[in-house]
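Coordinate analysis (summary)
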There are 2 protein chains.
Amino acid sequence: MNFAELERRDAADPLAELRNHFVIPKNTVYLDGNSLGLLTHATQRRVADVTGQQWGQDGISSWNQHGWVHLPRTVGDKLAPIIGAQPGQVICCDSISVNLFKALSAAFTVLDARGESRRARKQVLSTADNFPTDLYMVQGLQQLVGAENCELVLAEEAELLANLAHHITAETAIVMLTEVNFRSGRRLPMAEIIQQAHAVGAVVIVDLAHSAGALPVELDEWQADFAVGCTYKYLNGGPGAPAFIYVAERHLPTVTQPLSGWFGHAQPFAFDATFAAATGIEKMLSGTPSILAMSAVDAALDAFSDVSMEQVREKSVQLAEVFLALLDESGLAGEFDCISPLDSEQRGSQLSFAHPEAYAICQALIERKVIADFRAPNYLRFGFTPLYTSFKDVGLALQRLQEIMQTRTYLEPRFQTRQAVT
Amino acid sequence: MNFAELERRDAADPLAELRNHFVIPKNTVYLDGNSLGLLTHATQRRVADVTGQQWGQDGISSWNQHGWVHLPRTVGDKLAPIIGAQPGQVICCDSISVNLFKALSAAFTVLDARGESRRARKQVLSTADNFPTDLYMVQGLQQLVGAENCELVLAEEAELLANLAHHITAETAIVMLTEVNFRSGRRLPMAEIIQQAHAVGAVVIVDLAHSAGALPVELDEWQADFAVGCTYKYLNGGPGAPAFIYVAERHLPTVTQPLSGWFGHAQPFAFDATFAAATGIEKMLSGTPSILAMSAVDAALDAFSDVSMEQVREKSVQLAEVFLALLDESGLAGEFDCISPLDSEQRGSQLSFAHPEAYAICQALIERKVIADFRAPNYLRFGFTPLYTSFKDVGLALQRLQEIMQTRTYLEPRFQTRQAVT
């Protein structure tokens, strides 16, 4: 490891200063921002203020006084530029799962409004190794409305990419894809996919869980119809932080969604007995949002205020390239089978490797304070968050991985016992 | 106001000590726990620990190390005794709105499993002045599955109570009621309603938003089928805190719900492409829960650990009775039309009064640091939270109300301008 060279790169990094916004766990190399992003100092202060002053002292009046009632939209508008959306199309709420249910239902109402027959066009196309919850939500909707109205169709990712026109057809109602694969980090060509979907009259839902905050996303430019995403990975919103949903402006006047709770009403505080949807993106809201959780997201997003997603992407690619070069240099590249695309253009902000001992190696890394993660059946994932990951971090991670592999410490029994989650 | 007498009552109150667990806003009489319960010191400490240590230092490992992955069930089991449920039937998640959607859908699967025809039994009976979000969720489900599969039927509350058998019939699929009316505080006789529903084969969903933590609830004894409730009112979980859902043990093996996100999977971390529901109450989970928000609820519930709901109820009734007596004594009873039942048996833990100037009076009270709330069109609500409301609080509230009414300060223009929310 040439740490002098890595430190030179850090010194020349225009984003290096951003690391100071974050609480970096002591003596730790944190390469798991693709699972749970780190806390910012601003978030910690904000949570303390929302608890102590806003809730503790100002109580119920905070719904007005501290803008709680507008927080889903405030956060949505702050998220919008990060994902290439004009304001008014993004709102923060619920989980990705719940938001997918809304997006799926709403996407069908787009087709209904066009007079499409549900019998002729009911397929929701996704990939077999999409993140499971995405598939589960289609299965849940299918169970509720019947397979004659909604049918999940799965393609192998590679086959889909090899021939979009073969899979996305006049029978496709909705194309629901995650831009960056959670296992492999493969990035799908969303602009091209959306173009093909629209050419045959299908509606597209993009899951940005592993994209938002990690790389430039251009929802408006792509002409995406719907998108969902998570704020607890690269956006650093906190464990299980509220998700977001995007609806393209052109669909907002007509779509409806069935989780029509009072926060999605045109006038929630009129307490009408009949639902009348809000006209804007607020129609995608359902129940009362958690103010503690959403305030944390709001504060965390401020770390993005002075940085472009192009800069973030550039550093992300460099971090991964350095990782791959050092892996090669350390003689481990033969043993770790990189399942992520080697072409950085086709990749998100992570690198994944298959290894039969992936679980144990991950545990041994964690013991040495290199936080990576494991995904079944045998993948070791390293995530790069350009806002706080340094080039020196990458060097330290490789140095410790090399030690673990040379000493075979991962074979010790304590690393071989699986816990519920990693 | 005989404050000496009120202070004697406080001194003799077996729950008086519990007030010390709470952060009481400075110089404030807080009678709005039916809208947003107060912060406990334990919650404030816990939120700081979850932010700083758990998320900030221990990061992703906290899912195991700090029990994050089990938190929805941990909190559910802590809630269970407060609402008369054996453990394993309650889980903390999402909002009431979202949980109602699950409960409604699941309730229909109970009927489906019995071989009931949806054509013959599709009605969801509720009251016209139920909390709006409850009605909206039925409307949303109806829109999604069609009026031939789900139809909202509304009864006037008084008419329903006058003749249960007339309204709850063999055509009723689901009876969905809120035990305590959010406007009037009227408490419905749930045991009797459930008995009638079961007699004609209907399934019951109880909304405990204004009951849980305020009065004894006996879900198991009543043989309720489903319940939902909120933790941000009398349970003091924080603004927009996650809600809960109860499913009677007898239904757990068979019911399904359509918001089948990965946290409701039997093995979430196996990442299977096909949904297989958890066998227990976890099947009601959907997406990743907010750990910040749910940890706050977990800590807040500790205030209930050494108190019985019968004690809470006894003090709640006394506080309301003292309020009514002092209102009478102050000569204001004629001007404020009490829309809450005067028989405490028929009432939750609030008193509501109709007054043409309710909004302005509420604003004037708030300026004098008596926190009550307003509900459209012209109701002034006072909530009593026995864990922190003192008898002296009630005296101070009445004293300040009397001043406001005598001086007619509520007529000043600044009190007459409405804000978005109160």
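Rules behind the numbers
- Residues numbered from 1 in each chain as written.
- Chains lettered and ligands numbered in written order.
- Predicted model: local features only at pLDDT ≥ 70, side-chain atom pairs only at ≥ 80, totals over all residues.
- Heavy atoms only, no water.
- Contact = heavy atoms within 4.5 Å.
- Buried area = accessible area lost by both parts, 1.4 Å probe.
- Salt bridge = Lys/Arg side-chain N within 4 Å of Asp/Glu carboxyl O.
- Polar contact = N/O pair within 3.5 Å; in protein donor to acceptor, adjacent residues only side chain to side chain.
- Helix = DSSP H or I, 4+ residues; strand = E, 2+ residues; numbered from the N terminus.
- Nonpolar A, V, L, I, M, F, W, Y, C, P; charged D, E, K, R; others polar.
- Least-squares fit on C-alpha atoms with pLDDT ≥ 70 in both.
- UniProt positions renumbered as here; feature names shortened; annotations may be inferred.
- 1 Å grid on protein atoms, 1.4 Å probe; cavity = no way out; pocket = protein on both sides within 12 Å on 5 of 7 lines; lining within 4 Å.
- Buried < 20%, exposed > 50% of the residue type's maximum accessible area, 1.4 Å probe, protein only.
- Domains from an automatic or database assignment.
- Pairing = 2+ DSSP bridges.
- Axes fitted to C-alpha atoms, helices over the stretch in contact; angles between N-to-C directions.
- Points joined across faces, edges and corners; volume = space filled by probe spheres on them.
- Expected span 1.5 Å × (residues − 1).

Between chain B and chain A, the residue contacts involve 83 residues of the former and 83 residues of the latter. For the pair chain B and chain A, the two sides together bury roughly 6,700 Å², of which 67% comes from carbon and sulfur. Contact with chain A buries surface across chain B, with W55(B), Y136(B) and F271(B) losing the most and accounting together for 13% of the total. At the boundary of chain B and chain A, one finds 0 salt bridges. Linking chain B with chain A are 26 residue pairs in polar contact (both at pLDDT 80 or more), by the criterion used here. Elements with a contribution of two residues or more to the side of chain B that touches chain A: α2 (41-58), α3 (62-65), α5 (96-113), α6 (132-145) and α11 (291-300) of chain B. With 11 residues, the single largest contributor to the side of chain B that touches chain A is α6(B). Looking at the side of chain B that touches chain A residue by residue, the class counts come to 44 nonpolar, 33 polar and 6 charged.

Screw-axis analysis of chain B against chain A gives a translation of 0.0 Å along the axis, an RMSD of 0.0 Å, and a rotation angle of 180°. Such values leave the two copies arranged in the relation of a two-fold axis. The residues that chain B uses at the interface reappear at the interface of chain A in 100% of cases, marking a shared surface.

The feature "binding site: pyridoxal 5'-phosphate" (unreviewed entry), as given by UniProt, occupies I96(A), S97(A), F131(A), P132(A), T133(A), D134(A), T178(A), D207(A), H210(A), Y232(A), W262(A) and T288(A) in the numbering adopted here. These residues run over 193 residues, and the two farthest C-alpha atoms among them are 30.3 Å apart, placing them at more than one spot. Considered against the second largest cavity, the annotated residues that line it turn out to be W262(A) and T288(A). Along the chain, F131(A) falls in the loop between β3 (123-127) and α6 (132-145). The contacts of F131(A), once residues within four sequence positions are left out, are F182(A), W262(B) and F271(B). Looking at where D134(A) falls in the secondary structure, it is placed in helix α6. Look at D134(A) and you get buried, because its relative accessible area is 1%. Dropping the residues within four chain positions of it, D134(A) is found in contact with L100(A), M176(A), T178(A) and D207(A).

To continue, consider the domain arrangement of chain A. All names here are of chain A. Domain parsing of chain A yields domain 1 (3-30 + 308-416) and domain 2 (49-304). Of note, the centres of domain 1 and domain 2, computed from C-alpha atoms alone, are 30 Å apart. With 25 residues of domain 1 at the contact, the number on the domain 2 side is 19 residues. When domain 1 packs against domain 2, close to 1,800 Å² is buried across both sides, 57% of that on carbon and sulfur atoms. Along the contact surface separating domain 1 from domain 2 lie 0 salt bridges.

What follows deals with the sheet that holds strand β4 (residues 151-155) of chain A. What holds strands together in a sheet is hydrogen bonding between their backbones, with the strands either parallel or antiparallel. Residue and element names in this part refer to chain A. The mixed open sheet is built from 7 strands, whose spatial order is β2-β8-β7-β6-β5-β3-β4. Each edge of the sheet is formed by a strand with only one pairing partner; in this case those strands are β2 (90-92) and β4. Each adjacent strand pair in this sheet contributes to an overall mean axis angle of 20°, direction not counted. Two strands pair when backbone bridges link them, and β3 and strand β5 (residues 172-178) are joined in this way by 3 bridges, in the parallel orientation. Across the sheet, the residue bridging to Q123 is T172, located in β5. Helix-sheet contacts for α6 involve β3, β4, β5 and β6 (203-207), and the interaxial angle to β4 is about 150°. Sitting on the sheet, helix α9 (residues 190-199) touches β5 and β6, and the angle it makes with β6 is about 155°.

Right, let's get into unusual backbone geometry. Residue and element names in this part refer to chain A. Note the cis peptide between A376 and P377, where omega equals 0°. Looking at the element boundaries, P377 is found in the loop between β12 (373-375) and β13 (379-383). With a phi angle near 55°, F271 is a residue other than glycine that sits in the positive phi range. By secondary structure assignment, the location of F271 is in the loop between β8 (244-247) and α11 (291-300). Its relative accessible area of 6% is what places F271 among the buried residues.

Time to look at empty space enclosed by the protein. One pass over the full model with this rule turns up 6 cavities of 30 Å³ or more. Roughly 390 Å³ of internal volume is contained in the second largest cavity. Around the second largest cavity sit 33 residues that line it, and W262(A), T288(A), F131(B), Y232(B) and K233(B) are the ones nearest its centre. Elements with a minimum of two residues in the lining of the second largest cavity: α5 and α6 of chain B. Looking at the lining of the second largest cavity residue by residue, the classes come out as 16 nonpolar, 11 polar and 6 charged.

Quantified by volume, the largest pocket comes out at close to 580 Å³. Lining the largest pocket are 31 residues, and of these L144(A), V145(A), G146(A), L144(B) and V145(B) sit closest to its centre. Elements that contribute at least two residues to the lining of the largest pocket include exactly α5 (96-113) and α6 of chain A together with α5 and α6 of chain B.

On to α5(A). Along its 18 residues, α5(A) runs 25 Å from first to last C-alpha, staying within 8% of the 26 Å computed at 1.5 Å per residue. Where burial is concerned, most of α5(A) is hidden: 16 out of the 18 residues are buried.

Here we take up the sheet that holds strand β6 (residues 203-207) of chain B. Residue and element names in this part refer to chain B. The strand order across the open sheet formed by 7 strands is β2-β8-β7-β6-β5-β3-β4, and the pairing between neighbours is mixed. This sheet does not close on itself; its edge strands, each paired only once, are β2 (90-92) and β4 (151-155). The sheet shows a mean angle of 20° between the axes of neighbouring strands, taken without regard to direction. Bridging between β2 and strand β8 (residues 244-247) involves 3 bridges; their strand directions are antiparallel. Across the sheet, residue V90 finds its bridge partner in β8, namely Y246. Together, β3 (123-127), β5 (172-178), β6, β7 (226-229) and β8 form the strand contacts of α5, whose direction differs from that of β7 by roughly 175°.

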